[in-house]
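Observations on chain architecture
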Amino acid sequence: MYDGGKILIGLIIFILLCTFPFWYNLGSAAYEAPELQLPENEQECVQPTSWMRVNHMDLLDTWRDEVVRFDKSDYKSSTLDQKVEISLQNTCMDCHDNKEKFCDRCHNTASVNPYCWDCHVAPEEVGDGQ
Amino acid sequence: MDNNRRNFIKIAGITALLGIGTGVPFSVSAYRPEEDKYLENKKSINGKRFGMVIDTRKFQTEEDFERVIKACHDAHNVPENLPDPKQEIKWIWKDEFKHVFPSKPNPYLAEKVKHREFLLLCNHCNNPPCVRVCPTKATFQREDGIVAMDYHRCIGCRYCMAGCPFGSRSFNFMDPAPYVDVEAQNPDYPTRMRGVVEKCNFCVERLQEGKQPACVEASNGAIMFGDLADPESEIRKVLKENYTIRRKEELGTNPSVFYIV
């Protein structure tokens, strides 16, 4: 191998850079899943919990288009018997009535900033003039 | 290792299989919106082309207007009393004849009409120029003829405001939430954010629940709402019996709001 030494040094630097996030965080506290406040009166969401954890954002996106553009207002849930009105404010937040202890906990930990609440009114904000 | 064709094809084949093998489980478990099921909404009011008839003779006092305007603003969290009146948000408002019907100039107009005020709102045109110019399809015509807004997709370019000949669209120059009447705020309906355009939506959220639009309900029979495409509908009967005019018909937008004068 020509210039073997230089190539090896380059490779080592490259691998160190690529793995920077891993060794930089060595020793710091491990990730802990945030504790969420779940609705007390309800057992089932509109889909199984594990599914919702992965797909809720896509479901909300789909719901938005269906209800705003195609005038479909009743979703057929796979877990619940009754029909579900498509509404973030009136359906989701009816059960998950604490945005800070449900939505925000995960979103803050995962560092995502959805802009739902720029317009939609979260339950506890009603009457605050927000 | 010999670099020959046989080995190359072997390695390529194994790599392809590995790729497919890891990709397939992911795509199988992925969410496919097209498989979602929806139920028919039996409560909703349906139509082909919704329209409105406003009997301006029945709007006599200030109170008649205020009641209707307040019903709309409260139902949709429309901000009021913004610091700059030029930035006002208009869903339903009023003006006098010469401004409402500028294409029907008449120097000898009957006194009672000349000084009468007219209730104005989005005309939900059948040929809406705002929809044509919107670059993101944030505003669109629904199958029932209502010209609706998807605030999620509005980028605030204001082409629609330039396109609308009726001034029915307002731009949120600032965050509107602090100017929504706290007492009357409707917790079931969202507010808007800074940088989007908004307008009357013919109360699509109320039609979905089988209710008449808020202004119709508050008008004590001075406003009629219904399906213009249905010859048997109540609104067509009213149109048949009364002489009605529309705003700026000559522009060809085919407005769906009719005025009895």
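Residues numbered from 1 in each chain as written. Chains lettered and ligands numbered in written order. Predicted model: local features only at pLDDT ≥ 70, side-chain atom pairs only at ≥ 80, totals over all residues. Heavy atoms only, no water.

Points about the overall build of chain A
Within chain A, the secondary structure is distributed over five helices and two strands. Secondary structure elements in chain A, listed N-terminal to C-terminal, are α-α-α-β-β-α-α. Scaling as 2.2 N^0.38, a compact globule of 130 residues should have a C-alpha radius of gyration of about 14 Å, whereas chain A reaches 22 Å, well beyond that. Taken over the C-alpha atoms alone, chain A extends approximately 70 × 30 × 30 Å along its principal axes. Here the analysis covers contacts within chain A between residues at least 6 apart in sequence; of these, 59% occur between residues at least 24 apart. Mean positive and mean negative side-chain charge positions of chain A (10 and 22 charges, respectively) differ by 6 Å. (Helix = DSSP H or I, 4+ residues; strand = E, 2+ residues; numbered from the N terminus. Rg over C-alpha atoms; globule rule 2.2 N^0.38 Å. Contact = heavy atoms within 4.5 Å. Lys, Arg positive; Asp, Glu negative; His and termini not counted. Charge placed at Lys NZ, Arg CZ, Asp CG, Glu CD.)

Quick word on the sheet that holds strand E9 (residues 223-227) of chain B
Residue and element names in this part refer to chain B. Read across the sheet, four strands follow the order E9-E2-E11-E10 without closing on themselves; strand pairing throughout is mixed. Since the sheet does not close on itself, it has two edges, and those belong to E9 and strand E10 (244-245), each with one partner. Strand direction decides the pairing type here: strand E2 (residues 50-55) and strand E11 (residues 257-260), joined by four bridges, are parallel. Bridging across to E11, Asp 55 finds its partner in Ile 260. Packed onto the sheet, helix H9 (residues 234-241) meets E2, E9, E10 and E11 and runs at close to 120° relative to E9. (Pairing = 2+ DSSP bridges. Axes fitted to C-alpha atoms, helices over the stretch in contact; angles between N-to-C directions.)

Structural notes on a nonpolar patch on the surface
A surface patch of nonpolar side chains, about 660 Å² in accessible area, is lined by Met 1, Ile 7, Leu 8, Leu 11, Phe 14 and Ile 15 of chain A. Assignment of secondary structure puts Ile 15 of chain A in helix H1 (residues 4-18). (Patch = residues over 30% accessible without salt bridge, like charges linked within 9 Å, V, L, I, M, F, W, Y side chains within 5 Å. Areas by Shrake-Rupley, 256 points an atom, 1.4 Å probe, with all protein chains shown as cover. Salt bridge = Lys/Arg side-chain N within 4 Å of Asp/Glu carboxyl O.)

So, the interface of chain B and chain A
Contact with chain B, which involves 30 residues of that partner, is made by 31 residues of chain A. Contact between chain B and chain A buries roughly 2,800 Å² in total, counting both sides, with carbon and sulfur atoms accounting for 53%. Linking chain B with chain A are two salt bridges, by the criterion used here. Between Asp 71 of chain A and Arg 142 of chain B there is a salt bridge, and its shortest N-O distance comes to 3.5 Å. (Buried area = accessible area lost by both parts, 1.4 Å probe.)

Thoughts on a negative patch on the surface
Together, Glu 40, Glu 42, Glu 85, Asp 94, Asp 97, Glu 100 and Glu 124 of chain A together with Asp 188 of chain B make up a region of like negative charge exposed at the surface. Tracing the backbone shows Glu 42 of chain A in the loop between helix H2 (20-24) and helix H3 (49-69).

A closer look at the pattern of salt bridges
Tallying each qualifying case throughout the model produces 21 salt bridges over all chains. With a closest N to O distance of 3.9 Å, Lys 58 of chain B and Asp 55 of chain B form a salt bridge. A residue is classified by how much of its surface remains accessible, and Lys 58 of chain B, at 47% relative accessible area, is partly exposed. Exposure remark for Asp 55 of chain B: the relative accessible area of 9% places this residue in the buried category. In this structure, a network of salt bridges that share partners links the residues Asp 71 of chain A together with Arg 142 and Asp 144 of chain B. (Buried < 20%, exposed > 50% of the residue type's maximum accessible area, 1.4 Å probe, protein only.)

Some remarks on the domain arrangement of chain B
Often the size quoted for an interface is simply the accessible area lost on bringing the parts together. Each domain of chain B was delimited in the assignment, giving domain 1 (1-30) and domain 2 (40-260). Spacing between the C-alpha centres of domain 1 of chain B and domain 2 of chain B amounts to 60 Å. (Domains from an automatic or database assignment.)

Some points on the packing of aromatic side chains
Residues and elements named next belong to chain B. Here the structure, examined in full by the defined rule, presents 14 aromatic pairs over all chains. Between Phe 97 and Phe 101, the aromatic rings sit 5.1 Å apart at their centres with planes inclined by 45°, giving tilted as the arrangement. The same class applies to Phe 97 and to Phe 101, which are both buried. Site record: aromatic cluster; members linked through ring pairs are Phe 97, Phe 101, Phe 118 and Tyr 259. (Phe/Tyr/Trp six-rings, centres within 6.5 Å; stacked < 30°, edge-to-face > 60°.)

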